[in-house]
Amino acid sequence: MAFDISVNGRTRRADVEGDTPLLWVLRDTLDLPGTKYGCGIAQCGACTVHVDGVPVRSCQLPIEAVGSAKVTTIEGIGATAVGQKLQDAWVALDVAQCGYCQAGQIMSAAALLAQTPKPSNAEIDAAMDGNLCRCATYLRIRKGIKLAAGVKA
Amino acid sequence: MNAQMQHQPSRRLVLKAGVALTGGLMISFGPANRASAQAMQPLNSHVRIDPDGRVTLVSHNPEIGQGVKTSIPMLIAEELDVPWQSVRIDQALADSATYGRQVAGGSMATTLQYEPLRRVGAAARHMLVAAAAQRWSVPADSCTTSAGSIVHSGTGRKLGYGEVAAAAALLPAPDPATLKLKDPKDFKVIGKPHGGVDNRAIVTGKPLFGIDARVPGMAYASYVRCPVFGGTIRSAKLDKARAANGVRAVFAVESNGAIEGLSAGVAIVADSTWAARKARSLLEIEWDEGDGASQSSAAIAARAAAFKDRMPQRSLAKVGDADAALAAAVRRVSASYAYPFIAHAAMEPMNCTAHYKDGQVELWVPTQNPEPGRAQVAKTLGIAPEAVKIHMLRCGGGFGRRLINEFMVEAAVISKQSGLPVKLLWSREEDLQNAPLRPAGFHHLEAGLDANGAVTAWRNHFISFGEGDTFKRSAGLSPSQFPSGFVPAFDMGASVMPLTHPTGPLRAPGNNAFGFVMQGFIDELAEAARMDPLAFRQQLLGDARLVGDPAARDRFDSGRARAVLDAVAKSAGWGRTLPPRSGLGIAFHFSHLGYFGTVVEAAVGRDGVVKVSKVWMAGDVGRQIVNPSGALNQVEGSVHDALGAALGQQITLENGRVVQGNFDAYRLTRMSDAPPVAVEFLLSDNPPTGLGEPAYPPVPPALVNAIFAATGVRIRSLPVDSALLKA
């Protein structure tokens, strides 16, 4: 059946089964492959998007539950000041190794900074511990968040 | 193309120059046996300079996060003398006839390419200078280059590379061996930190990875394999799955008989990933699980323990008389070490997009090693290897997993049989349960010490997997493994047991475990000798010398090992006093031509939980770090990867099946686990070598040695069991 959802400020139509996780709607149907599949059970955070500003694992959110909520993905987060600062910080610090998890990392970091503009190390740990990076770029992710937030590394 | 080809032989490679489709200069450097008639395709050259001045450099190796897509073109750009920001980087197709080895493995890119690719850049520069000199009717040696232009020294006249690219393309290619390379003190690109060339695309979510491939008309495939490796289908009812919404085809597939190839299974082809996945639960398959179903980690460990009191099935290395030396020793120490199977768990699960049409197949695939995949796809489909076209897409992690290409074969077969272009995606569960593993291993060790703490005897009975004299893949032990050559009586033997589940290389294969075993046991010897762990290692290494087979490239340089050991001890403040239940541990290791020393500072809670507060690393990978930003990233990542594996990773087999199904049961390192890492590179006068692997092996032993310093408990089996550490 057809669902109209708001993604990155645009209304997009997806004709899929209602139980289809938002992750696969974004990737397969709406051609927004920046959101990544990593585990399918909300353990890795690679699929993190914002739903009304809240970080959500899109592998666990069926499209029928999205309703009129505003979905923001990595393709759209650069339109926010925080998102752009994080993207620039990631490039400036050369955070990525393989880069696969970084979309999810940036989405979790953007949600953190929107709520907590100057996070402490403990706040960063708490916000980011659900996002795995198999290359283990954690030290640079932490630095990237601090650079974007303008707090001392 | 209207290429006019010239080529000059070098020792192993041939340089070719020609006219690009754009009318500019194109240079390629490939194997000497490359057919000269073969046209250079636009993508298949290392350097292209267009008449409008645009410079395109090609990275020919797979990118798995080790940074070669940046570091390889940096080598060319340096000698070509172009500003790094001005070049465009393309990823090559898999084409070993043009490029030779295209493998992300063994930390070999820098080792093999550091000089040849600089010569490629120098050759292009040489030809551009010659063309400009011709135009000006001046001697070539009166011209220099600067940031993409040729300058005539006498008159200050200047021509952009693009302006002479067409003329340069008609000149004879120089003999690469005669080209003068830059003095490293003049480097402008090499040795300066550069961010990854794909960074902007990564942070903005652009399609980049294998999983992002999209082909018109593409369907989505899922493949169900037997939970026990090597199993076959006894019977399968497929109708319910066929009737599901969005499902286009469901069919059984037979194994192609290759261990690293196509396993028997059932393919589901659907309109979406979700539809393909959901239909899996509708399949009713009865498997013949085969011989593997009886194997378990518990039985393997029991069998390994039983080998302890037996003679090894065969000898791997024997120097001197270990029995006599042990009998004469002042102190004898024996211990058994063990480490488990672990999984690669790259963040991007295995996938491949395939389009089979009219006897040709095109593949879009994140692979570390395309050629074995090509061979197997061709053989399985019954087509020529040339009929397989492989686009190497960025890999979301490799760690050795993508050296094995069964997903390529699966996707190709499913596309052929369904008649559709398909994207095959493995689930995380399949990634952990149907994939090759880092082999478990067991070492029964015994050593003897004299009154001065010198190691006089070393015996290692290594228990691994294989048949007869053959180890399973990545399950062997090199006779040159340290301390081979440092102990007068050295005896290394092996016994193997069969294992059905496939094994394979994982980052620093073998070494990722041997570092733990050897440097953990050496710490025990230091304790028995009542010596400081650093001083004991310094004495064991002795004077600076080369140890090992003079013909081997990987001779052990004890001077380099000593230097990284001393450097890391110094930066970590070795010997300082720590609070109760905290300790420093030290280790060093040589692998993949790189030397690393590690100090770990760890605290162990009364609950047995280990917290690493800091890690110090000193490394020697030769006289030049190509990209300091990427290099530091590799070392930091290796440290956290190794700590995570040592503290928490284990794959268990039961009834031939992998027990762990996803990241809830297989614990990777997270942000709050990652301690700061201090990294120091020692620049020795040796050729530059790779960094993807050698920083990993000394980390687990430095950790367990720190745990010993904190608690007095020896950890001889990984992952660390916190129950042993409770106070």
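Residues numbered from 1 in each chain as written. Chains lettered and ligands numbered in written order. Predicted model: local features only at pLDDT ≥ 70, side-chain atom pairs only at ≥ 80, totals over all residues.

### Here we look at the domain arrangement of chain B
Residues and elements named next belong to chain B. Domain boundaries assigned for chain B yield domain 1 (6–181), domain 2 (214–291 + 362–425) and domain 3 (297–342 + 437–725). A straight line from the C-alpha centre of domain 1 to that of domain 3 covers 42 Å. Contact with domain 1, which involves 13 residues of that partner, is made by 14 residues of domain 3. Where the side of domain 1 that touches domain 3 is concerned, the elements lending two or more residues are α1 (68–80) and α3 (109–136). Split by residue class, the side of domain 1 that touches domain 3 holds five nonpolar, eight polar and no charged. (Domains from an automatic or database assignment. Contact = placed C-beta atoms within 7 Å. Helix = DSSP H or I, 4+ residues; strand = E, 2+ residues; numbered from the N terminus. Nonpolar A, V, L, I, M, F, W, Y, C, P; charged D, E, K, R; others polar.)

### Section: helix α11 (residues 406–418) of chain B
Along its 13 residues, α11 of chain B runs 18 Å from first to last C-alpha, staying within 8% of the 18 Å computed at 1.5 Å per residue. Considered for burial, the residues of α11 of chain B that qualify are Glu406, Phe407, Met408, Val409, Glu410, Ala411, Ala412, Val413, Ile414, Ser415 and Lys416 of chain B. (Expected span 1.5 Å × (residues − 1). Buried ≥ 20, exposed ≤ 12 C-beta atoms within 10 Å, placed from the backbone.)

### Observations regarding the sheet that holds strand β3 (residues 48–51) of chain A
Residues and elements named next belong to chain A. With mixed pairing, five strands are arranged side by side in an open sheet as β2-β1-β5-β3-β4. The open sheet has two edge strands, β2 (10–15) and β4 (54–57), and neither has a second partner. Each strand axis lies, on average, 40° off the axis of its neighbour in the sheet, ignoring direction. Those strands touched by helix α4 (residues 102–115) are β3 and β4, and its axis lies near 35° from that of β3. (Pairing = 2+ DSSP bridges. Axes fitted to C-alpha atoms, helices over the stretch in contact; angles between N-to-C directions.)

### Looking at the sheet that holds strand β28 (residues 594–604) of chain B
Residue and element names in this part refer to chain B. Reading across from one edge, β27-β28-β29-β32 is the order of the four strands in this open sheet, with mixed pairing throughout. Across the chains shown, the open sheet's two edge strands, defined by having one partner strand only, are β27 (582–591) and β32 (677–681). Across the sheet, the mean angle from the axis of one strand to that of its neighbour is 15°, orientation sign disregarded. Pairing of strand β29 (residues 610–620) with β32 involves five bridges; the strand directions are parallel. The residue bridging Met617 from the neighbouring strand is Val679, located in β32.

### A short note on helix α6 (residues 138–149) of chain A
Taking 1.5 Å as the rise per residue, α6 of chain A with twelve residues should run 16 Å; its terminal C-alpha atoms sit 16 Å apart, in good agreement. Burial analysis of α6 of chain A places nine of its twelve residues in the buried class, the great majority of the element.

### What about the packing of α3 of chain B against helix α4 (residues 161–168) of chain B?
Residue and element names in this part refer to chain B. Taken N-terminus to C-terminus, the directions of α3 and α4 make an angle of 90°; their axes are 8 Å apart at the nearest point. Between α3 and α4, the crossing angle belongs to the class labelled roughly perpendicular. Within the contact between the two elements, α3 uses Met127, Leu128, Ala130, Ala131, Ala132, Gln134 and Arg135 and α4 uses Tyr161, Val164, Ala167 and Ala168. Of the residues in the contact of α3 with α4, the class split is nine nonpolar, one polar and one charged. (Parallel < 35°, antiparallel > 145°, perpendicular 65-115°, else oblique.)

### Some points on the domain arrangement of chain A
Put simply, an interface is often sized by how much accessible area is lost when its parts join up. Residues and elements named next belong to chain A. Each domain of chain A was delimited in the assignment, giving domain 1 (2–76) and domain 2 (77–149). Distance from the C-alpha centre of domain 1 to the C-alpha centre of domain 2: 20 Å. Across the boundary between the two partners, domain 1 contributes 17 residues, which contact 14 residues of domain 2. Contributing elements (two or more residues each) for the side of domain 1 that touches domain 2: β3, β4 and α2 (74–77).

### Re the packing of helix α13 (residues 511–528) of chain B against helix α14 (residues 533–541) of chain B
All names here are of chain B. Packing of α13 against α14 leaves a shortest axis separation of 9 Å and a crossing angle of 105°. As summarised for this structure, α13 and α14 are arranged roughly perpendicular, according to the angle between their axes. Where α13 approaches α14, its residues Ile522, Asp523, Leu525 and Ala526 are matched on the opposing element by Pro533, Phe536, Arg537 and Leu540. Its residues placed into classes, the contact of α13 with α14 shows six nonpolar, no polar and two charged.

### Focus on the pairing of strand β6 (residues 87–91) of chain B
Residue and element names in this part refer to chain B. Judged from the five bridges that link them, strand β5 (residues 55–59) and β6 form a sheet pairing that is parallel. Bridged to Leu57 within β6 is Ile89. Traced from β5 through α1 to β6, the parallel crossover comes out right-handed. (Right-handed = clockwise from strand over helix to strand, strands pointing away.)

### Considering the nonpolar core
Core analysis: the biggest nonpolar cluster contains 283 residues, and Ala221 and Ile707 of chain B have the highest contact counts within it. No other element matches the twelve residues that α3 of chain B contributes to this core. (Core = buried A, V, L, I, M, F, W, Y, C linked by C-beta atoms within 7 Å.)

### Details of the interface of chain B and chain A
Contacts between the two partners involve 48 residues from chain B, matched on the other side by 45 residues from chain A. Those elements that place two or more of their residues in the side of chain B that touches chain A are α5 (199–203), α7 (273–278) and α16 (628–648) of chain B. Here the side of chain B that touches chain A gets six residues from one element, more than from any other, and that element is α16 of chain B.

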